[in-house]
Number of protein chains: 4
Amino acid sequence: MSTPAGVSKDITPKLLDHGLTVVDLSPDFRLKDPEQYKIWYGFEHPAPDLLGKAVYGLPELHREELRNAKLVANPGCNATAAILSLVPAVESGLIDLEHIAVDVKVGSSEAGMKPSIGTHHPERANVMRPYEATGHRHVAEVEQELKAIAGREVRVALVPHAVGAVRGALATSHVWLADGSVDEMALWKAYAKRYGNEPFVRIVRGRYPDPKYVVGSNFTDVGLAVEQRLGRVALFAAIDNLMKGAAGQAVQCMNVMLGIDERTGLSYPPLRPV
Amino acid sequence: MSTPAGVSKDITPKLLDHGLTVVDLSPDFRLKDPEQYKIWYGFEHPAPDLLGKAVYGLPELHREELRNAKLVANPGCNATAAILSLVPAVESGLIDLEHIAVDVKVGSSEAGMKPSIGTHHPERANVMRPYEATGHRHVAEVEQELKAIAGREVRVALVPHAVGAVRGALATSHVWLADGSVDEMALWKAYAKRYGNEPFVRIVRGRYPDPKYVVGSNFTDVGLAVEQRLGRVALFAAIDNLMKGAAGQAVQCMNVMLGIDERTGLSYPPLRPV
Amino acid sequence: MSTPAGVSKDITPKLLDHGLTVVDLSPDFRLKDPEQYKIWYGFEHPAPDLLGKAVYGLPELHREELRNAKLVANPGCNATAAILSLVPAVESGLIDLEHIAVDVKVGSSEAGMKPSIGTHHPERANVMRPYEATGHRHVAEVEQELKAIAGREVRVALVPHAVGAVRGALATSHVWLADGSVDEMALWKAYAKRYGNEPFVRIVRGRYPDPKYVVGSNFTDVGLAVEQRLGRVALFAAIDNLMKGAAGQAVQCMNVMLGIDERTGLSYPPLRPV
Amino acid sequence: MSTPAGVSKDITPKLLDHGLTVVDLSPDFRLKDPEQYKIWYGFEHPAPDLLGKAVYGLPELHREELRNAKLVANPGCNATAAILSLVPAVESGLIDLEHIAVDVKVGSSEAGMKPSIGTHHPERANVMRPYEATGHRHVAEVEQELKAIAGREVRVALVPHAVGAVRGALATSHVWLADGSVDEMALWKAYAKRYGNEPFVRIVRGRYPDPKYVVGSNFTDVGLAVEQRLGRVALFAAIDNLMKGAAGQAVQCMNVMLGIDERTGLSYPPLRPV
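Residues numbered from 1 in each chain as written. Chains lettered and ligands numbered in written order. Predicted model: local features only at pLDDT ≥ 70, side-chain atom pairs only at ≥ 80, totals over all residues.

Quick word on the overall build of chain A
Here is the rule we go by: Strands here are runs of E lasting at least two residues and helices are runs of H or I lasting at least four, both read from the DSSP assignment and numbered beginning at the N terminus. C-alpha atoms define the radius of gyration in this analysis, and the globule rule sets the expected value at 2.2 Å times the number of residues to the power 0.38. Buried, partly exposed and exposed are defined by the number of other C-beta atoms within 10 Å of a residue's own C-beta, namely 20 or more, between the two limits, and 12 or fewer respectively, with C-beta atoms placed from the backbone.
Across its full length, chain A holds nine helices and 10 strands. The C-alpha radius of gyration computed for chain A amounts to 18 Å, which stays within 12% of the reference 19 Å derived for 274 residues, consistent with globular compactness. Its C-alpha atoms give chain A principal-axis dimensions of roughly 60 × 45 × 40 Å. Buried positions account for 56% of the 274 residues belonging to chain A.

As structure tokens, this is what we get:
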């Protein structure tokens, strides 16, 4: 569940002026480039100087920066799943960065608590409903983070879909191998290297990631499938959108900021079946 | 719901010998090339000569051939959605045929009536579960049909996902434009030209296709979204997997074969909300 | 889905004055006694003279009156299920009229199309939520109709529950036998006698009624279970709340009023599975 | 989820002989009277002497006996909800013990992990399906426990219904007041007195109990609604069938047996929304 855009941009500078430390669940400080706020969110950012000081709150990418952060911009839930599915593949240089299509599936709780016709149960139950098939705002932060890893522009085609569940988000990233050749083991090693020591990332083999296995927990399950014939790969990341995709991640960031065990208050195992 | 592979291949020749006309819901006569049965289904086809005579039962592609057909191979449900989402785009030459990723979402009824742990309600409810992320058998028929249209090999990366619904299948085909330039109107025209007179294809604008709007009917809803910035397109097709994806399509084929109104017995409107 | 109370009471007299025939889906003309509108709905009825002329639109009880009706008050969905579960048992004199508890389960579409926090998908999905556990307004019409059959006052304890479905309503009426003795066959005969010729009531044995078997149709499935040890009975009626519980029943009434085949336009079979 | 009947009756005596302490999740030691096993379960009990020593594992009723127990018979999930909804009302003498109808709604996880056509997702999703409408085995333990409280025979009409959810059980007990008069406050006081100090029972006012509010926790939510006009009452108890209805309750019993804080290992709050 994302906090709506624009609710934090004016109040956050005041909170910081009072000496407070802020973990912001809105998107107002996620992007580094103030110009991007005009493009994606349609407003002139009132505190562009803070954008450089804000840390994007994905501990798997920015743990060291988080330790001294005063302002953390907690990632969007779709962005969290998309980025975590892709990071090791992008970092390894094994995939074609020109063709990345991220197909996201999400539960209804992502829409927040405000009722609307789109979340009205008779309308929302059992859907397979694409939304914001172009211009989904989380794309901006996904591209920003992947660019930092790749050292070059990365373009991401992302289409979210509302599906029949309350909790959970699954990113399926469809990518092609950079040189057409297939080295599945190299890919797995890239994931193991990047995530092997992460307390909240589980690398899943033998089955594919599915949010049903992480509901109620802060875990991200990642996995992949390589199709030899086509030189293409499906990369998966499954999260509970209200935990790793929102409040759980905020607590994880806070723990890093406070210098305490990153898992504090986050030891809930997934609740299964649910 | 697909009939399991292998159940028809031996009995169908006998039925034809008795002078019967057959609409086969199994995959046993969908592929033209007998070699493909070894690759995708793991058996040597016992009646390879019939493969050339069988007509792939998608009236939108093979209506004329169906009129005189004695043996019709009814398409798979995922294949129906995938193909119908892509045909006009492929035919128009507007898209890059090297990078096609089809992300399919399906309801539980696709698995047929045989209980298993995978369809056990506590396990199946609320999932976003990828399956057969590589080597899904419907890929063979999708590539066969698209190749016939493109006049060249077409490779398709297809990943199906079980999601929380009983009925419905949605294909989201992620593609890129052939020359990077964007002519959205040309794409819409290609769909209008191809499907404008089809009794069971509805072109949807203003919202995206969602199987929830076709449940209980034989309709396919198609639509698309063009992202100018990336030169990429999302193509959608939504069906009821038990109607246009199975029995409804079989009836439609039968009607064509019998020379009667193609819509006979298929006039059910979608049931909404459900 | 019930039309809200009060929307028809003022306009209906005008429609009738213009010579129109009305099938009203609101509760405004269901009750015969104007005093009851003060008690249950909190308003003084503006057209009490019309209450005597209005026919309660349950063809199974009022078919003859419907033939000449100018104003039909279409029953509430919970009331339809409750009444149809009980009528033959009450009529037969076999059950204790002092202790009738009707436990109703309903899908989310019963709440109509207006979004609210109660129908917001994350809140509404998977509930087993009692509501209006006392004073549910449909009780007034249930008691009115049963009184007419019994020839004496009948009191009904009715508790509706929202459960996890879009469509469907099931009434489980818990009753005790009048003299403690058990004659199961007499009960079945009462149901067969009352409903044997009804085009839209199916008597179900071998399984219990479940709305899942009637979704999309105008059928009511009724059944019962007798517990010898306790001299108690469970009486069931399952409907599609949007068909027999609302629009389907209105069409059925209209057909009777028009003197045409009662099944006209209602020949949809249930959609299964859904 | 109940462990199937008969799996423990032979092995448990051996475990006890080895000096082990047993919390049995099967029904094999829940009933005190060996004759009842013939009636309800169809077998001759092989260790009738143990039935008197076994403690029915509902801490709210048998906490003191549990402290020294060697063999605990963990209650069934439907029985837990039914009993906890009724205990204070029965104990208070305020209700008519001749007419008690318990209508239970349960999620699919109650059926255990073995797939069957009844739990096959396309068949199980969205149901409102009565089952074992007469002779449900949990009735035996419900009547046994209520009899001990009332000091006389109590007969319970219980009908369980499968509804659309994975987790949760709600008992709605429909009862009438003993003398027809209504003293709602006396009823609430009876519940407050009985459950006020219980660590896992929450008395709910302002809304009705709904398992959606306890999923993932060991809590039982109880509440009630009094209808003045009829002198009747609806009593509710909502549990997570896999926690208070199974494993959670077993842990609670174990804690009591071990003399440690009863809440140990059970501090999970409910997971909402889910």
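Picking up after the structure, the text goes on.
Comments concerning the relation of the copies chain B and chain A
Heads up, the condition is: Least squares is the method for superposing the copies, and the C-alpha atoms it fits come from residues with pLDDT of at least 70 in both. We call two residues in contact whenever the C-beta atoms placed from their backbones are within 7 Å.
Rotating chain B by 180 degrees and translating it 0.0 Å along the rotation axis places it on chain A, where the RMSD comes to 0.0 Å. One copy is carried onto the other by what is essentially a two-fold rotation axis. Considering only C-alpha atoms, the residue of chain B closest to the rotation axis is B:Gly164, which sits at 2.2 Å. Of the interface residues in chain B, 100% have counterparts in chain A that sit at the interface too, so the contact is made through matching surfaces.

Thoughts on the domain arrangement of chain A
Residue and element names in this part refer to chain A. The criterion, for reference: Residue ranges for the domains originate in an automatic or database domain assignment. Here the term charged refers only to Asp, Glu, Lys and Arg, the term nonpolar to Ala, Val, Leu, Ile, Met, Phe, Trp, Tyr, Cys and Pro, and the term polar to all other amino acids, Gly among them.
Partitioning chain A into structural domains gives domain 1 (11-75 + 245-258) and domain 2 (77-244). Just the C-alpha atoms count here: the centres of domain 1 and domain 2 sit 22 Å apart. Counting residues at the interface gives 18 residues for domain 1, matched by 21 residues for domain 2. Contributions of two or more residues to the side of domain 1 that touches domain 2 are made by helix 2 (34-41), helix 4 (59-67) and helix 9 (243-258). Looking at which element gives the most residues to the side of domain 1 that touches domain 2, the answer is helix 9, with six residues. Of the residues belonging to the side of domain 1 that touches domain 2, the class tally is 10 nonpolar, five polar and three charged.

Comments concerning the interface of chain B and chain A
Opposite the 37 residues of chain B that make contact, chain A presents 37 residues. Taken together, the residues that form the side of chain B that touches chain A break down as 20 nonpolar, eight polar and nine charged.

A look at the pairing of strand 10 (residues 232-239) of chain C
Residues and elements named next belong to chain C. Going by this rule: The pairing criterion is simple: DSSP has to find at least two bridges between the two strands.
Strand 10 sits mainly inside the fold: eight of its eight residues count as buried. What you see with strand 10 is no split at all: Arg232, Ala234, Phe236 and Ala238 on one side and Val233, Leu235, Ala237 and Ile239 on the other are buried throughout. With eight bridges joining them, strand 7 (residues 169-177) and strand 10 adopt antiparallel strand pairing. When the bridges of strand 10 are listed, His174 appears paired with Ala234. Bridge count for strand 9 (residues 220-227) against strand 10 is eight bridges, and the pairing is antiparallel.

Section: the interface of chain A and chain D
Buried accessible area, meaning the area lost when the parts come together, often serves as the stated size of an interface. On the side of chain D, eight residues touch chain A, which itself brings eight residues to the contact. Along the lines of polarity and charge, the residues of the side of chain A that touches chain D split into five nonpolar, two polar and one charged.

Here we look at the sheet that holds strand 2 (residues 55-56) of chain A
Residues and elements named next belong to chain A. With parallel pairing, three strands are arranged side by side in an open sheet as 1-3-2. Every interior strand has two partners, whereas the edge strands, strand 1 (22-24) and strand 2, have only one. As judged from the two bridges shared by strand 2 and strand 3 (residues 71-73), these two strands associate in the parallel manner. Opposite Tyr56, over in strand 3, you have Ala73 as the bridge partner.

Quick word on the relation of the copies chain A and chain D
Note: a rotation about an axis with an accompanying shift along it relates these two copies of the chain. Each copy of the sequence occupies a distinct position, and chain A is placed on chain D by a rotation of 180 degrees and an axial shift of 0.0 Å, giving an RMSD of 0.0 Å. The overlap is high: 100% of the interface residues of chain A also sit at the interface in chain D, so the same surface is used on both sides.

As for unusual backbone geometry
Residue and element names in this part refer to chain A. In this structure, the amide linkage connecting Arg272 to the following residue, Pro273, adopts the cis form with an omega of -10 degrees. Secondary-structure assignment places Pro273 in the segment after helix 9. One non-glycine residue with positive phi stands out, namely Asn126, at about 70 degrees. Residue classification places Asn126 among the buried positions, given that 26 C-beta atoms sit within 10 Å.

What to know about the sheet that holds strand 10 (residues 232-239) of chain B
Residue and element names in this part refer to chain B. This is how the line gets drawn: Here an axis means a line fitted to C-alpha atoms, over the contact stretch when the element is a helix, while the angle between two N-to-C directions is reported on a 0 to 180 degree scale.
Taken together, seven strands build an open sheet; the order of strands is 5-6-4-7-10-9-8 and the sheet is mixed. The open sheet terminates on both sides in strands that have one partner only, identified here as strand 5 (128-130) and strand 8 (201-203). Going across the sheet, the axis of each strand differs from the next one's by a mean of 20 degrees, ignoring polarity.

A few points about the environment of A:Ala69
All names here are of chain A. With respect to the helices, strands and loops of the structure, Ala69 is situated in the loop between helix 4 and strand 3. The class for Ala69 is buried, based on 21 C-beta atoms found within 10 Å. Sequence-wise, Ala69 and Val23 are 46 residues apart; in three dimensions their C-alpha atoms are separated by 9.4 Å. Beyond its immediate stretch of four places on either side in the chain, Ala69 contacts Val55 and Met257.

Examining the confidence of the model for chain A
As a general rule, the predicted coordinates of low-pLDDT regions are not to be interpreted in detail. So the rule is basically this: The predictor attaches a confidence to each residue, called pLDDT, with possible values from 0 through 100.
The predicted model of chain A has a mean per-residue pLDDT of 96, with 99% of residues at 70 or higher. The complex model carries a pTM of 0.97, and its ipTM stands at 0.96.

Here we look at the pairing of strand 4 (residues 95-106) of chain D
Residues in a regular strand point their side chains to alternate faces of the sheet. Residues and elements named next belong to chain D. Most of strand 4 is tucked away: 10 of the 12 residues are buried. In the sheet, strand 4 pairs with strand 7 (residues 169-177) via eight bridges, with the strands oriented antiparallel. In the sheet register, Asp103 faces strand 7, and the bridge partner there is Thr172. Both strand 4 and strand 6 (residues 157-163) contribute to a ladder of six bridges, which runs parallel. Paired with Ala101 across the strands is Ala157, a residue of strand 6.

A few points about the packing of helix 5 (residues 77-92) of chain D against helix 7 (residues 138-150) of chain D
Residues and elements named next belong to chain D. To be explicit about the condition: Throughout, the term roughly parallel applies to angles under 35 degrees, roughly antiparallel to angles over 145, roughly perpendicular to angles from 65 to 115, and oblique to all others. Helix crossings fall into two classes, left-handed where the near helix is turned counterclockwise from the far one by less than a right angle and right-handed where it is turned clockwise.
At a minimum axis separation of 10 Å, helix 5 and helix 7 run at an interaxial angle of 20 degrees. In this view, helix 5 runs roughly parallel relative to helix 7, as classed from their interaxial angle. The way helix 5 lies across helix 7 gives a crossing that is right-handed. Packed against helix 5, whose contacting residues are Asn78, Ala79, Ala82, Ile83, Leu86, Val87, Val90 and Glu91, the element helix 7 presents His138, Glu141, Val142, Glu145, Leu146, Ile149 and Ala150 at the interface. Of the residues that constitute the contact of helix 5 with helix 7, the class distribution is 10 nonpolar, two polar and three charged.

Things to note about the packing of helix 5 (residues 77-92) of chain B against helix 9 (residues 243-258) of chain B
Axes are the key here: two packed helices are described by the angle between their axes and the distance separating the axes. All names here are of chain B. Relative to each other, helix 5 and helix 9 sit at 100 degrees, their axes nearing to 8 Å. By the criterion of interaxial angle, the relationship of helix 5 to helix 9 is roughly perpendicular. Facing Cys77, Thr80 and Ala81 of helix 5, the residues of helix 9 in contact are Lys244, Gly245, Ala246 and Gln249.

Digging into helix 5 (residues 77-92) of chain C
Residue and element names in this part refer to chain C. Selection rule: Here the expected length of a helix is defined as 1.5 Å per residue gap, with one fewer gap than residues. To obtain the bend at a residue, axes are fitted to the seven residues ending there and to the seven starting there, and the angle between these axes is taken.
Here helix 5 contains 16 residues, and its C-alpha end-to-end distance of 24 Å stays within 8% of the 22 Å for a straight helix at 1.5 Å per residue. Its axis deflected by about 40 degrees at Leu86, helix 5 carries its strongest bend there, up to four residues before the proline Pro88. The buried count for helix 5 comes to 14 of 16 residues, which makes it a mostly enclosed element. Gly93 lies just past helix 5 and shows a positive phi near 75 degrees.

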